[in-house]
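# Structural characterization, general
Each chain, written out:
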Amino acid sequence: MKKTFIILAILGVVFRFYVQFISPYFNVDEISLGSNIKENTFLELLFPMERGQSAPPLFLLLEKFIISFFPFSFWVNIKLLSFFSSIFIVLLLYRFVEKYNFSKELLIMFVIVLFNPFFLTNTLTVKQYTFDLLGILFLINYFNHKWFLKYNIIFFFIWSFLSNVALFSCVSYLMYLYFAINKRLSLYLVLKFIKKNFLTILAPLPYVFYFIWFMNQEGAIELKNYMTSYWFGNFMPLNSGIFKFIISLFHSFWVFFYSMNEVVGLLLFLLSISSFLYFKKANKYKAEVVIIGGTMLIHLLLNILHLYPISDRLFLYMGMFFLLLLSSTMNYLSKINRVSKYLNHSEIIISIVVFVSYFNYMFYKENDVISLNNYLNKINCSEKIYTTEKSFKTINDFNTFTDNKFKCKKELIKISSSENFESSFYLITRLFNKLKPNSTSDEELIISQLRKKYSINKSITLQGYNVYKLNKKK
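Below: a short report on this structure. Quantities reported herein were computed from a predicted structural model and do not represent experimental measurements. (Residues numbered from 1 in each chain as written. Predicted model: local features only at pLDDT ≥ 70, side-chain atom pairs only at ≥ 80, totals over all residues. Heavy atoms only, no water.)

### Quick notes on the overall build of the chain
- Broken down by element type, the chain carries 23 helices and five strands.
- Taken against the 2.2 N^0.38 rule, which gives 23 Å for 474 residues, the C-alpha radius of gyration of the chain at 25 Å falls within 12% of a compact globule.
- Expressed as lengths along the three principal axes of its C-alpha atoms, the size of the chain is roughly 85 × 60 × 50 Å.
- Each of the 474 residues in the chain was classed as buried or not, and the buried ones make up 54%. (Helix = DSSP H or I, 4+ residues; strand = E, 2+ residues; numbered from the N terminus. Rg over C-alpha atoms; globule rule 2.2 N^0.38 Å. Buried < 20%, exposed > 50% of the residue type's maximum accessible area, 1.4 Å probe, protein only.)

Now the structure itself:
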């Protein structure tokens, strides 16, 4: 199995390079956050930013350092941090598999983290969420090493300035450590534990102090109000709506963490949570599951208090919790004589099925301006190209952000629904392209308005855009 894991790890690295640099894109959030990094000084990045964006300070400073001193084009520089972080995720995942002697039940988990578009998209984005998963993987790899027990203060101190999840995980790790040493809860034992682990308890406090200072700066209240409004639907309601919220959350878990193919995703999710039936006596990855599970519970508690939202990119790190449960289930089933004889090579078969289920959305892009511009450059020069206001802004923001590196050679003109055209022309509309295959937002209203005056034919559908050819009706 070792050679299989090595080959998959290499393919995972190569695929990440392809997605990040050979077939690149930037979604709207990346452009908004990246523009702040591009325009602000190192010092200004420590204060509340514009465009409704926020991120941990060390993440912002590292990005600023790279774009300021690395010799590549800006669009390459801004992607380097997330790219190398994603590579470290692959290496830490391989280290985890090696730690358990390349157990075959870990193959499914390995394939999913390496090639699932949800993990790919959210670990290669110009956002901080890569470090949520990276930190979790580092923690479950080294939490029981002697050197980690001695120097974990350094890890939690650095990680807290890169990821909010670090604060949750620090508390979860300390709780795990306490109960690993003590079998009961008492004031004497708690005080003794605090004394021994005092520096670890203090590790995230510098970030907490920074956050308190940050929230008292100009613009912080406006940013908080914007974030509260933006994430409004991602807080658990304490009324009858809680059932719908939980069902929706669980659905998100199986389509994001396993597969957008509902059947494959649901079956793997059910296999995973079935491990709770024998968790105490037969969970091979009990310690790791408990540490990540504790992190999730703290996240959930803060969510109930409306202090921290829970949504797809924000629960990226939770994927390891469910995938380890799945690995534990496969391990458990392989030890049951009456079941194991039917499971020969099941890990390989399931891994192939899961990988194949990614084919129709593996190359997901939310805002594929580059492909759009390449298509527009091939259009007949005599015909004008119009855009809706929404698509014009998104394309223009992308071009400005990438220093016009991929800009269309033709002029794009904002359309007005009141205009009349005698000759044919093209029109670009903007769609929000969802991760789920063949799922987008509704077409812009202007198309239905223009149908009254023009014959409209769709020329091409790209990820994030439609291009129409319009002719005057006779």
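### Some points on the pattern of salt bridges
- Tallied over the entire structure, the rule returns eight salt bridges.
- Notably, a salt bridge pairs R313 with D29, separated by 2.5 Å at the nearest N-O pair. In this pair, R313 sits in the loop between α17 (286–304) and α18 (319–334) while D29 sits in helix α2 (residues 28–39), placing the two residues 284 residues apart along the sequence.
- R313 gets classed as buried once you look at its relative accessible area, which sits at 15%.
- One salt bridge connects E105 with K284, and the closest N-O pair in it is separated by 2.9 Å. You can see E105 sitting in the loop between α4 (74–99) and α5 (107–115) and its partner K284 sitting in the loop between α16 (279–282) and α17, a full 179 residues away along the chain.
- Exposure remark for E105: the relative accessible area of 5% places this residue in the buried category.
- We classify K284 as partly exposed; its relative accessible area is 30%. (Salt bridge = Lys/Arg side-chain N within 4 Å of Asp/Glu carboxyl O.)

### Overview of the sheet that holds strand β3 (residues 425–430)
- Pairing in this open sheet of five strands is mixed, and the strands run β2-β1-β3-β5-β4 from one edge to the other. Pairing within the sheet leaves two strands with one partner each, and these edge strands are β2 (412–414) and β4 (454–462). On average, each strand axis in the sheet is inclined to that of its neighbour by 30°, with strand direction left out of account.
- Note that β3 and strand β5 (residues 465–472) share six bridges and pair antiparallel. Within β5, the residue paired with R430 across the bridge is Y465. (Pairing = 2+ DSSP bridges. Axes fitted to C-alpha atoms, helices over the stretch in contact; angles between N-to-C directions.)

### What about the pairing of β5?
- Of the strand pairs in this sheet, β4 and β5 are connected by eight bridges, and their pairing is antiparallel. Of the residues in β5, the one forming a bridge with N457 is K469.
- Linking two consecutive strands that pair antiparallel, namely β4 and β5, is a turn of two residues; a positive phi of about 110° is found at G464 within it.

### Points about the packing of helix α21 (residues 369–376) against helix α22 (residues 389–401)
- For the pair α21 and α22, interaxial distance at closest approach is 11 Å and the crossing angle is 100°. In terms of their interaxial angle, α21 and α22 are classed as roughly perpendicular. Counted together, V369, I370, L372 and N373 of α21 and I395, F398 and N399 of α22 form the full contact between these two elements.
- Of the residues belonging to the contact of α21 with α22, the class tally is five nonpolar, two polar and no charged. (Parallel < 35°, antiparallel > 145°, perpendicular 65-115°, else oblique. Contact = heavy atoms within 4.5 Å. Nonpolar A, V, L, I, M, F, W, Y, C, P; charged D, E, K, R; others polar.)

### Things to note about the packing of aromatic side chains
- Scanning all chains against the criterion turns up 68 aromatic pairs.
- When the centroid spacing of 4.9 Å and the interplanar angle of 20° are considered together, the rings of F138 and F155 count as stacked. With F138 in helix α7 (residues 129–142) and F155 in helix α8 (residues 146–160), this pair connects stretches of sequence that are 17 residues apart.
- According to the relative accessible area criterion, F138 is partly exposed, its value standing at 24%.
- Classification of F155 by relative accessible area gives buried; the value is 14%.
- Ring geometry for Y178 against F193: centres 5.4 Å apart, planes inclined by 90°, an arrangement best described as edge-to-face. (Phe/Tyr/Trp six-rings, centres within 6.5 Å; stacked < 30°, edge-to-face > 60°.)

### Some thoughts on the environment of F84
- Locating F84 in the fold gives a position in helix α4.
- In sequence terms F84 and F17 are 67 residues apart; their C-alpha atoms lie 9.6 Å from each other.

### Let's talk about α7
- For α7, spanning 14 residues, the distance from its first C-alpha to its last is 21 Å, which sits close to the expected 20 Å at 1.5 Å a residue.
- By the criterion of burial, α7 is predominantly enclosed, with 13 of the 14 residues buried. (Expected span 1.5 Å × (residues − 1).)

### What to know about unusual backbone geometry
- Even without being glycine, N404 reaches a positive phi, approximately 60°.
- Assignment of secondary structure puts N404 in the loop between α22 and β2.
- Even without being glycine, N438 reaches a positive phi, approximately 60°.
- Topologically, N438 is positioned in the loop between β3 and α23 (445–450).
- For N438, a relative accessible area of 81% puts it in the exposed group.

### Description of the nonpolar core
- Counting 137 residues, the largest nonpolar core has M109, F257, Y258 and M320 as the members making the most contacts within it.
- Considering every element that reaches this core, the biggest residue donor is α4, with 15 residues.
- With residues up to four places along the chain from it excluded, the contact list for F257 reads I112, N116, F118, F119, S252, F315, L316, M318, G319, F322 and L323.
- Grouped together as the second largest cluster of nonpolar side chains are 12 residues, Y386, L427, L450 and I456 included. (Core = buried A, V, L, I, M, F, W, Y, C linked by side-chain atoms within 4.5 Å.)

### Notes on the packing of α2 against helix α3 (residues 57–69)
- Where α2 contacts α3, the two axes come as close as 9 Å, and the packing angle between them is 65°. The handedness of the crossing between α2 and α3 comes out as right-handed. Contact with α2, carried on its side by L33, I37 and K38, involves F59, L60, E63, K64 and I67 of α3 and no other residues of that element.
- Looking at the contact of α2 with α3 residue by residue, the classes come out as five nonpolar, no polar and three charged. (Left-handed = near helix turned anticlockwise from the far one by under 90°.)

### Focus: the side chain of N466
- Tracing the backbone shows N466 in strand β5.
- A polar side-chain atom of N466 sits 2.8 Å from a polar atom in the side chain of T461.
- For N466, the side chain forms a polar contact with the side chain of Y468, separated by 3.5 Å.
- Excluding anything up to four places from it in sequence, N466 contacts L427, I428, T429, L431, E443, K458, I460 and T461. (Polar contact = N/O pair within 3.5 Å; in protein donor to acceptor, adjacent residues only side chain to side chain.)

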